[in-house]
Amino acid sequence: MGRTFLTAAGLLVLTACSGSDDGASGPIPPASPPVTETTLGAAASAAPTTSAAAATTAAGTTAADTTATARPNLDAVRVALTEIGTFEEPVALVDRRGTLHVAEKSGRVLALTQGEPRVVLDMTDLTRSSGEQGLLGLAFSPDGALMYVSYTDTDGDSRVDEYVMEGDEADPASRREILFLDQPYPNHNGGHVAFGPDGLLYLGYGDGGSGGDPQRYGQDPGTWLGKLLRIDPRPSGGQPYTIPPDNPFADGSLALPEIWSTGLRNPWRFSFDPATGDLWIGDVGQNAVEEIDLVSAADGAGRGTNFGWSAFEGSEPFNDDEDAPDQWAPIYEYRHSDGGCSVTGGVVYRGSAIPALRGAYLFGDYCSPGVVALVVDGGQVADAALIAEDPGRISSFGTDAGGEVYVLSLSGPVYRVDPA
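Read on for a plain summary of the structure. Everything numeric here is computed off the predicted structure, so don't read it as measured data.

## So, the overall build of the chain
1) Next: Across its full length, the chain carries one helix and 30 strands.
2) Next: Across the 420 residues of the chain, 59% fall into the buried class.

So this is what it looks like as structure tokens:
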């Protein structure tokens, strides 16, 4: 396809979709993003921390081993989407020891081996799959021995469970509850779960739902709602997990000790750049603004960062009775008036098949077809372009062991991003 440019003046919209809450929530959504390009805001106060870029990755290498130096050249990028399978409402794709695994919203996890996908876990009897609820997140321990699933239980609350992998399948009898979170509403569950470059487990939760953050959970340090959490899933002291001692609130005196970042409305997909350790978040907006957040490893990769909700929606003031003086401003945002309605956060491309794309962040929007590539240089957006006009209903992105990127559509297909 030819290139479609995103500029500060707005995007040539291929497909438009207006949004309103609560249509702009859940596993979810842009029309070709528009946009205001912003610089990084001031970081929230936090104690110094070791750069995540020096941490050991799940692959056993350091971020410095894979850091690319050349800036992506979107002018030279031509991609094709290759369908690798069709599933029932796929919401997550994760690599385990060279085998891709797909999570379906209804509660199944399937391995993509040669031939037909094979079910390795069926927890449909434990899962409520309705609207924004369901099996929402999947992760494997760095050694692949344990599976972690983040889901909505039959009572409508959020859970994270651990399963022992027996060969290539999860052992249902090994299920161990890691976290439980009471959900006041059926939307804004968040639910993404992933291991960071430090080998610890990160979990993203929305603000509890309804619209406009009625309980003001986003800025409330006494709840996990509207937060990014960080834990060591190994049990200790009679608890099902361990609080990392370098968490920003590890002693629990100022906020719950599991909290890593605050001020999120509905983080629908976050990721760490495997080459740098930088944290990227796609945070779904209310009625007007969708945002992409970036915190570099040098700035703590989200440690103690306040992203501003619900004092702010994107970079714009929202609830005037809330205060977030240390808001970390979005690196990129787009408005519903320009198309799109619910951002789907993505991943940084670190594969080898498309050299000109290496280092670009890929994301989408549930309401408008297309994959967008974003290039950041010196803390500012240097380039942005629509690189693929399909698919629609983008629910998630994932990567394989080689860094190649996959795009999931809630309609069923899963695609690999290939050179055209």
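## A closer look at the sheet that holds strand β28 (residues 394-399)
1) Next: Read from one edge of the open sheet, four strands run β4-β30-β29-β28, paired in antiparallel fashion. In this open sheet, the two strands that pair with only one neighbour each are β4 (79-86) and β28. Here the strands of the sheet are splayed against their neighbours by 30° on average, with no regard to which way each runs.
2) Next: Two elements, strand β29 (residues 405-409) and strand β30 (residues 413-419), share three bridges in a ladder whose sense is antiparallel. Residue Y406 lies in a different strand from β30, and its bridge partner there is R416.

## Topic: the state of the cysteines
1) Next: Scanning all chains against the criterion turns up one disulfide.
2) Next: Two residues share a disulfide in this structure: C341 and C367, whose sulfurs sit 1.8 Å from each other. Here the residue C341 occupies a position in the loop between β23 (332-335) and β24 (343-348), and C367 occupies one in the loop between β25 (361-365) and β26 (371-377), the gap between them amounting to 26 residues.
3) Next: Its relative accessible area of 2% is what places C341 among the buried residues.
4) Next: A relative accessible area of 21% means that C367 is categorised as partly exposed.

The rules behind these values
Residues numbered from 1 in each chain as written. Predicted model: local features only at pLDDT ≥ 70, side-chain atom pairs only at ≥ 80, totals over all residues. Heavy atoms only, no water. Helix = DSSP H or I, 4+ residues; strand = E, 2+ residues; numbered from the N terminus. Buried < 20%, exposed > 50% of the residue type's maximum accessible area, 1.4 Å probe, protein only. Pairing = 2+ DSSP bridges. Axes fitted to C-alpha atoms, helices over the stretch in contact; angles between N-to-C directions. Disulfide = S-S within 2.5 Å.

Purely spatial values, then, with no claim about function.
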